[in-house]
Amino acid sequence: MRASTLFARTLREDPAEAEVPSHVLLLRGAFIRPVMSGVFTALPLGLRVLRKIEGIIREEMDASGAQEVRMPIVLPAESWRATGRYEAYGDTLFKLRDRHGREMVLGPTQEEVVTPLVAGDLSSYRDLPVSVYQIEWKYRDEYRPRFGLLRGREFLMKDAYSFDRDEEGMHASYAVMMDAYRRIFDRCGLTYVVVEADPGTIGGGTNHEFMAIAEVGEDLYVTCPNGDYLADTEAATPRAPEPVGELDLEPMVEIDTPGAGTIAEVVEQLGRPASRMLKVVMFDAGGSPVAALVPGDREVNEVKLERRFFPTPVRRFEDGDFERLGLVKGFVGPHGLPADAVVLADHAVAGGANWVTGANAHDRHVTGANVGRDFSVGGYTDLVQIVEGDPCPECGEPLRIERSIVVGHIFELGTKYSAPLAATFVEEDGTDVLYQMGCYGVGLSRIMAAAVEQRHDEQGIVWSKTIAPFEVVVVLANADDDRAVVEAERIYAELRERGVDVLLDDRDERAGVKFADADLIGYPVQVVVGKRGVEAGTVDLKLRSTGERSQAPLAVAATAALDLLATAP
Ligand SMILES: [Zn+2]
């Protein structure tokens, strides 16, 4: 490929709309162009990167025994209703109607397609196990698309699905995929952690996230400095607090707290710490009221609550809900809840006593509220959002919260989809049995963005050679010098002959522009052919990752470039 004919107009300035390095650099380096919010065109350089990531994934999936298929993007809504995900995804699901008024969705994942597919064709125990995968564009109607490829509405994904006879088989399939995933991310040159995660709307049991460590990442994970605990913040469970010793129970007393509708205002008025307040957060779970009780200094982890009620949708109370049940927003106490309310409390509440909480009346609170005597709790569970410094559930050391970009997510689904979709196979004894499934996702466009977040500097991107758009760039520094042209063409031809993915920068541009572009676009190895070098019988070489420069005799320039490429990360 020649830069003179390559569709790649690099940008000198940082685009105003881009907030994170990957977005800035992928725009500036002419990898992508925006079409609308969260939707991009991949230019030739960007598509080359995606194709390389795709090649690595395809190799590893094929090696794992999975077979490639291609499923449609436009899907019937019925099967999404059958699994409960039409509601569970809510507005995030792209919905449309055809001319006959039939409801359809744009697939964000394909369990609803692949499950009946396999059940229709591979319905004997003799056909199992089987794993299939596809690499296809997926859709999510993000409320606020941002950060370029990191939170887009259209994204390229590899999704795989395993079908087994029993749980043991499912665990084995899961383990094979786990290994394949490690190899994929290693080969893509990512620095990542594998953490146990929340099942979310996909549901199921055991699941792991592959999180590429990145400062701008929106996906938080919790880690212990002792290295004995690693978890998604949404799934993380702090060590349950030590139960407090016998306390003298105060009587419950109602007090005036004028204008104090928030925890901070009550703390201010009463001079008691927020941790001694009992916060009652109201939710609606499929039409029924749910009260979540947590200490005043903690937030409710809504994901944990959603998981508990899944597939029933859970949402926070709105003003109308409070009015309808006669509750006073900002002053709800656990002793004045409707009889049919489900009352759940975090483990931290079990250890406390003499709580300050709402009095179920405007501008009124109570002190000395005690569980058992003044209010009851339907169940203790893990409800709080973990925070930096919470004790590690393994060793008690303060936990740290780190940022990352989730690039892969794998799940043991069990019969979560085979049951609602009635997907069965015939067992050896003639009975119909539900498939034990697993599903496995990788975001290719996310890998691309995460790689840039992890590997860039002031000058631009530093691609790992496995996914760089080209491995080597031959920079013709003086396009007006005939001898330099001849030598650059010769080196370019030799590198191509030797199987190197090489670009010749033969543009009619100043050398400085070409050097800047080579650094910005981030080719792992640069070979510079200039007038002075040619006169001296040498070329200049540069390893992008370290910036290290060296020289080689003209005659062996291609070999020197290959040797340098071998040392590139
Ligand atoms: Zn620990």
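All figures in this text were calculated on a predicted structure; none of them were measured in a lab.

What counts and what doesn't
Residues numbered from 1 in each chain as written. Predicted model: local features only at pLDDT ≥ 70, side-chain atom pairs only at ≥ 80, totals over all residues. Heavy atoms only, no water. Helix = DSSP H or I, 4+ residues; strand = E, 2+ residues; numbered from the N terminus. Buried < 20%, exposed > 50% of the residue type's maximum accessible area, 1.4 Å probe, protein only. Contact = heavy atoms within 4.5 Å. Areas by Shrake-Rupley, 256 points an atom, 1.4 Å probe, with all protein chains shown as cover. Donors = N, O, S within 2.8 Å, 3.2 Å for Na, K, Ca; no water. Pairing = 2+ DSSP bridges. Salt bridge = Lys/Arg side-chain N within 4 Å of Asp/Glu carboxyl O. Axes fitted to C-alpha atoms, helices over the stretch in contact; angles between N-to-C directions. 1 Å grid on protein atoms, 1.4 Å probe; cavity = no way out; pocket = protein on both sides within 12 Å on 5 of 7 lines; lining within 4 Å. Points joined across faces, edges and corners; volume = space filled by probe spheres on them. Nonpolar A, V, L, I, M, F, W, Y, C, P; charged D, E, K, R; others polar. Phe/Tyr/Trp six-rings, centres within 6.5 Å; stacked < 30°, edge-to-face > 60°.

S.K.: Lay out the overall build of the protein in plain terms, naming residues and giving numbers.
M.R.: Regarding its fold elements, the protein presents 15 helices and 29 strands. Among the 569 residues that make up the protein, the fraction classed as buried is 53%. At a minimum sequence separation of 6, the contacts of the protein that also span at least 24 residues come to 69%. Total accessible area computed for the protein in this model is approximately 24900 Å², and 49% of it derives from carbon and sulfur atoms.

S.K.: Tell me about the coordination of the zinc ion, and name the residues and values.
M.R.: Surrounding the zinc ion are the protein donor atoms Cys224 (SG), Asp228 (OD), Asp228 (OD), Cys392 (SG) and Cys395 (SG), which sit 2.0 to 2.7 Å from the metal. Here the donor residues for the zinc ion map to a single chain with the spacing C-x3-D-x163-C-x2-C. With cysteine 224 in the loop between strand 11 (219-223) and strand 12 (230-232) and cysteine 392 in the loop between strand 20 (379-381) and strand 21 (400-414), this residue pair connects regions lying 168 residues apart in the sequence. For the pair formed by cysteine 224 and cysteine 392, the shared burial category is buried.

S.K.: Please set out the pairing of strand 19 (residues 364-369) residue by residue, giving values where relevant.
M.R.: With five of its six residues buried, strand 19 lies for the most part within the structure. Of the strand pairs in this sheet, strand 13 (residues 253-256) and strand 19 are connected by four bridges, and their pairing is antiparallel. Following the sheet pairing, valine 253 is matched in strand 19 by threonine 367. In the sheet, strand 18 (residues 355-358) pairs with strand 19 via three bridges, with the strands oriented antiparallel. Bridge pairing links glycine 358 to histidine 365 in strand 19. Hairpin remark: strand 18 followed by strand 19, antiparallel, with five residues in the connecting loop; positive phi at asparagine 360, about 60 degrees.

S.K.: Provide a residue-level description of the pattern of salt bridges, including the pertinent values.
M.R.: Taken as a whole, this structure holds 49 salt bridges when the rule is applied. Its salt-bridge partner being aspartate 159, residue lysine 138 comes within 3.2 Å of it at the nearest N-O pair. Residue lysine 138 is found in strand 7 (residues 130-139), and its partner aspartate 159 is found in strand 8 (residues 154-164); the two are separated by 21 residues along the sequence. A salt bridge links arginine 490 to glutamate 494; its shortest N-O distance comes to 3.8 Å.

S.K.: I'd like to hear about unusual backbone geometry, residue by residue, with values.
M.R.: With an omega of 0 degrees, the peptide bond between leucine 128 and proline 129 qualifies as cis. Position of proline 129 among the secondary structure elements: in the loop between helix 5 (111-121) and strand 7. With a phi angle near 65 degrees, alanine 30 is a residue other than glycine that sits in the positive phi range. For alanine 30, the position within the fold is in the loop between helix 1 (21-28) and strand 1 (32-36). You can call alanine 30 buried: its relative accessible area is 0%. Located in the positive-phi region is asparagine 354, a residue other than glycine, with phi close to 50 degrees.

S.K.: Give a detailed account of the sheet that holds strand 29 (residues 549-553), specifying residues and quantitative values.
M.R.: Read from one edge to the other, the open sheet built from five strands follows the order 26-25-27-28-29, with strand pairing classed as mixed. For this open sheet the edge positions go to strand 26 (502-505) and strand 29, each flanked by a neighbour on one side alone. For this sheet the average axis-to-axis angle between neighbouring strands, irrespective of direction, equals 25 degrees. With five bridges connecting them, strand 25 (residues 472-476) and strand 27 (residues 525-529) associate as parallel partners. Within strand 27, the residue paired with leucine 476 across the bridge is valine 529.

S.K.: Which residues make up the layout of surface pockets, and what values do they have?
M.R.: Within this model, the second largest pocket holds a volume of roughly 420 Å³. What lines the second largest pocket is a set of 22 residues, among which Gly261, Lys279, Val280, Val281 and Gly330 lie closest to the centre. Secondary structure elements with two or more residues in the lining of the second largest pocket: helix 7 (263-270), strand 14 (278-285) and strand 18. The biggest single contributor to the lining of the second largest pocket is strand 14, with five residues. Considered class by class, the residues forming the lining of the second largest pocket number 12 nonpolar, six polar and four charged.

S.K.: Describe empty space enclosed by the protein, naming the residues involved and giving the relevant values.
M.R.: Per the stated rule, a full pass over the model turns up one cavity of 30 Å³ or more. The calculated volume of the largest cavity comes to roughly 50 Å³. Every residue along the wall of the largest cavity is listed here: Phe147, Leu150, Val216, Gly217, Glu218, Asp219, Ser404, Ile405 and Arg446.

S.K.: An account of the environment of phenylalanine 31 is needed here, citing residue identities and associated values.
M.R.: Considering the arrangement of structural elements, one finds phenylalanine 31 in the loop between helix 1 and strand 1. Residue classification places phenylalanine 31 among the buried positions, given a relative accessible area of 0%.

S.K.: Run through the sheet that holds strand 6 (residues 103-106), naming residues and quoting values.
M.R.: The strand order across the open sheet built from three strands is 4-6-5, with neighbouring strands paired in antiparallel fashion. Both outer strands of the open sheet, strand 4 (74-76) and strand 5 (94-97), are each paired with one neighbouring strand and no more. Strand-to-strand twist in this sheet, taken as the mean axis angle between neighbours without regard to direction, amounts to 40 degrees. Pairing analysis gives three bridges linking strand 4 to strand 6, with the strands arranged antiparallel.

S.K.: Could you give an account of the packing of aromatic side chains, naming the residues involved and the relevant values?
M.R.: Tallied over the entire structure, the rule returns 13 aromatic pairs. Considering the side-chain rings of phenylalanine 163 and tyrosine 435, the 5.5 Å spacing of their centres and the 85 degrees angle between planes classify their relative orientation as edge-to-face. Here phenylalanine 163 is found in strand 8, whereas its partner tyrosine 435 is found in the loop between strand 23 (432-434) and strand 24 (436-443), with 272 residues between them in sequence. When its relative accessible area of 0% is taken as the criterion, phenylalanine 163 is described as buried. Judged by its relative accessible area of 0%, tyrosine 435 is buried. When the centroid spacing of 5.9 Å and the interplanar angle of 75 degrees are considered together, the rings of tyrosine 181 and phenylalanine 185 count as edge-to-face. You can see tyrosine 181 and its partner phenylalanine 185 sitting in helix 6 (residues 167-187), four residues apart, about one turn around the helix.

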